[in-house]
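# Examining the three-dimensional arrangement
Here is how the chains run, residue by residue.
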Amino acid sequence: MPTHVKRAFKYRFYPTDAQAAELSRTFGCVRKVYNMALAARTQAWTLRAERVNYNATSAMLTAWKKTEELAYLNDVSSVPLQQALRHLQMAFTNFFGKQAKYPRFKSRKKSRKSAEYTSSAFRFRDGELTLAKTAEPLNIVWSRPLPEGAQPSTVTVSQDAAGRWFVSLLVEDPGVKAFPATDAAVGVDAGLDHLLTLSTGEKVANPRHERRERARLARAQRELARKAKGSANREKARRRVARIHARIADRRRDTLHKLTTRLVRENQTIVIEDLTVRNLLKNGRLARAISDAAWSDFRSTLEYKARWYGREVIVVDRWFPSSRLCSNCGSLQDKMPLHIRTWTCGCGVTHDRDVNAARNLRAAGLAVSACGAGVRPQRSTPGGQPAMKQETPRRKP
């Protein structure tokens, strides 16, 4: 049965010079308002132990616009500025709910350039999108159609480090249908030698997108380091580096979307292992390869697609001994050094380490699912030691 899902459709567009200038001004004003509101809220709490909410910062914005120093805030649409204050409020809500760190100031060079428009600040008609303060519709490359009859509730315009412009339209998609139910279940073991190993015995090759571009990236970074700071040539060199990073990210995202869509389409239940990637990245030898594998992105993408299409994702505790447990007889090996990739159990069965781990994950996930209980990932060992994945082979990235 179709379900209504909020989906963001992202497209690339090519602004005119006037549109680019207007949007750049808007990005700068959004950053300015966000930083000023954050400073005001921080100061109020530090000096007076007073909590400032969204309504108070909105009143501050009105006062700022009336000053001579900040009168330029009136030159851009007020909606993205108000949205910046709402985003700050959400950041504080997540902080007080212990779901995120304390909000940080936005940097002119490093922070994402974006502005969010609500329905009162844009016009979407006959397939053309026109933003407030702009005279012409955006030249959007409609790489895929929007759902029939969909009207965007919000529009987010952004520019990445490589200078590319994107617009994201949030719409309600009524046409998301759950896939037909199936009895298939699969265990998935993430790794570095192979990106994924399935309980069926299949191994998905690790494309190593960053490694393929490493020589080109290093050369571009050396050229960037030679340029004088603040010069036009340095900006050109920075763009070349950013384009390489963007190409790597695009390829990695495309790979993950294809893999996750396939897993969700073919299986009713997908069992994965809980990984603390943040702790794994502390390993200097493997951090680069782990980042390239994008395990966190894989999990988040898999989970939201499973919710959309009526599938179940079960997360098994990271301390479950998936590699040391024989998937045939259930006996547990005392030790399993990381350099051992195949081993023979006392029952006579020879195991591939990763395939055996995936099969054990599948069995553990199905057992928990049958009991009707959820799998609660542990954040640390009983002794308080940091939670680190035990199955990652020690190898050079």
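Reading guide: rules and limits
- Starting from 1, residues in each chain are numbered consecutively following that chain's sequence as written.
- Local features in a predicted model are, by the rule used here, given only for residues with pLDDT of at least 70; side-chain atom pairs are given and counted only at 80 or more, and totals for whole chains, interfaces and linings are based on all residues.
- By convention in this description, side-chain values take in all heavy atoms of the structure and omit both hydrogens and water.
- Helical segments are the DSSP runs of H or I of at least four residues, strand segments are the runs of E of at least two, and each set is numbered from the N terminus.
- Helix span, expected: 1.5 Å multiplied by one less than the number of residues in the helix.
- Exposure is judged per residue with a 1.4 Å probe applied to protein chains only, and the accessible area is read against the type maximum: over 50% gives exposed, under 20% gives buried, and values in between give partly exposed.
- The arc under discussion is defined with respect to the helix axis, by the directions toward the C-beta atoms.
- In this description, contact between two residues means that some pair of their heavy atoms is separated by no more than 4.5 Å.
- The set of buried Ala, Val, Leu, Ile, Met, Phe, Trp, Tyr and Cys residues whose side-chain atoms join them within 4.5 Å is what this entry labels a nonpolar core.
- Each aromatic pair joins two rings of Phe, Tyr and Trp (for Trp, the six-membered one) with centres within 6.5 Å, and gets the label stacked for planes under 30 degrees apart, edge-to-face for over 60, and tilted for any other angle.
- Criterion for a charge above a ring: Arg CZ or Lys NZ at most 6 Å from the ring centre, at most 35 degrees from the ring normal.
- The axes are straight lines fitted to the C-alpha atoms, using for helices just the contacting stretch, and the angles between their N-to-C directions are given from 0 to 180°.
- Crossing handedness is read from the near helix: turned anticlockwise from the far helix by less than a right angle, it gives a left-handed crossing, and turned clockwise, a right-handed one.
- Residues are grouped as follows: Ala, Val, Leu, Ile, Met, Phe, Trp, Tyr, Cys and Pro are nonpolar; Asp, Glu, Lys and Arg are charged; every other residue, Gly included, is polar.
- UniProt positions are given in the numbering used here, feature names are shortened, and annotations may be inferred rather than shown by experiment.
- For this analysis, a salt bridge means a side-chain nitrogen from Lys or Arg found within 4 Å of a carboxyl oxygen belonging to Asp or Glu.
- When two cysteine sulfur atoms are found within 2.5 Å, that pair is recorded as a disulfide.
- Criterion used throughout: strands pair if DSSP finds at least two bridges between them.

## Section: helix H5 (residues 214-226)
- For H5, spanning 13 residues, the distance from its first C-alpha to its last is 19 Å, which sits close to the expected 18 Å at 1.5 Å a residue.
- Taken together, the buried positions of H5 are occupied by Leu217, Ala220 and Leu224. Along the axis of H5, the buried residues cluster in a sector spanning 65 degrees; they form a single face. Opposite the buried face of H5, by more than 90 degrees, sit the exposed residues Ala215, Ala225 and Arg226.
- On its buried face, H5 is in contact with helix H6 (232-266).

## So, the nonpolar core
- Core analysis: the largest hydrophobic core is formed by 43 residues, its most contacted members being Leu129, Leu131, Val157 and Val167.
- In terms of residues, this core owes the most to one element, helix H1 (residues 17-48), which gives 10 residues.
- If we skip the residues at most four places from it in the chain, Val157 touches Phe13, Leu23, Phe27, Lys113, Ser114, Ala115, Tyr117, Leu131, Trp165, Phe166 and Val167.
- Formed by 30 residues, the second largest nonpolar core is a distinct cluster that contains Val5, Val186, Ile270 and Tyr309.

## Section: the packing of aromatic side chains
- The final tally for this structure, using the stated rule, is 11 aromatic pairs.
- Measuring from ring centre to ring centre gives 5.1 Å for Phe95 and Tyr102, while their planes differ by 90 degrees; the resulting arrangement is edge-to-face.
- By way of ring pairs, the aromatic residues Phe92, Phe95, Phe96 and Tyr102 are connected into one cluster.
- One Lys or Arg, Lys10, reaches over the ring of Phe166 and ends 4.8 Å from the middle of that ring.
- Lys106 extends its terminal NZ or CZ atom over the ring of Tyr34, reaching a point 4.5 Å from the ring centre.

## Details of the packing of helix H2 (residues 54-65) against helix H3 (residues 78-96)
- Closest axis-to-axis distance for the H2/H3 pair is 10 Å, and the angle between their directions is 145 degrees. Crossing of H2 over H3 shows right-handed handedness. Contacts from Tyr54, Thr57, Ser58, Leu61 and Lys65 in H2 reach Ser78, Leu81, Gln82, Leu85, Arg86 and Gln89 in H3.
- For the contact of H2 with H3, the per-class residue count stands at 4 nonpolar, 5 polar and 2 charged.

## Remarks on the UniProt feature "domain: Probable transposase IS891/IS1136/IS1341" (unreviewed entry) in the chain
- Within this numbering scheme, the UniProt entry marks residues 177-283 as carrying the feature "domain: Probable transposase IS891/IS1136/IS1341" (unreviewed entry).
- For the annotated span residues 177-283, helix accounts for 52% and strand for 18% of the residues, and the straight-line distance between the end C-alpha atoms is 42 Å.

## Observations regarding the environment of Ile340
- Looking at the element boundaries, Ile340 is found in the loop between strand S12 (312-316) and strand S13 (342-344).
- Residue Ile340 is classed as partly exposed on the basis of its relative accessible area of 25%.

## Observations regarding the pattern of salt bridges
- Within the structure shown, the criterion is met by 23 salt bridges.
- Asp160 is paired through a salt bridge with Arg164; the nearest N and O atoms lie 2.7 Å apart.
- The network of salt bridges with shared partners includes Asp160, Arg164, Asp250 and Arg253.

## Focus on the side chain of Lys305
- Along the chain, Lys305 turns up in helix H9 (residues 295-308).
- Beyond its immediate chain neighbours, meaning those up to four positions away, Lys305 contacts His257, Thr260, Thr261 and Val264.

## Remarks on unusual backbone geometry
- Residues other than glycine seldom take positive phi values, yet Ala49 does so here, at roughly 50 degrees.
- Along the chain, Ala49 turns up in the loop between H1 and H2.
- Residue classification places Ala49 among the exposed positions, given a relative accessible area of 54%.
- One non-glycine residue with positive phi stands out, namely Asp126, at about 55 degrees.
- Structurally, Asp126 is set in the loop between strand S3 (122-125) and strand S4 (128-131).

## A word on the state of the cysteines
- In the structure shown here, the tally under the stated rule is 0 disulfides.
- With no disulfide of its own, Cys326 has Cys345 as its nearest cysteine by sulfur position, at a separation of 3.6 Å.
- Distance from the sulfur of Cys345, which forms no disulfide, to the nearest cysteine sulfur (Cys329) is 3.5 Å.
- The class of Cys345 is buried, set by a relative accessible area of 5%.

## A look at the sheet that holds strand S9 (residues 194-198)
- One open sheet accounts for 5 strands, arranged S10-S9-S8-S11-S12; its pairing is mixed. The open sheet has two edge strands, strand S10 (203-205) and S12, and neither has a second partner. On average, each strand axis in the sheet is tilted by 25 degrees relative to the strand beside it, whichever way the strands run.
- Inspection of the sheet shows S9 paired to S10 by 3 bridges, in the antiparallel sense. In the strand pairing of S10, Thr197 is matched with Lys203.
- Strands in contact with H6 are strand S8 (185-190), S9, S10 and strand S11 (269-273); relative to S9, the strand with the most contacts, it is inclined by about 0 degrees.
- Across the face of the sheet, H9 comes into contact with S8, S9, S11 and S12 while running at roughly 140 degrees to S12.

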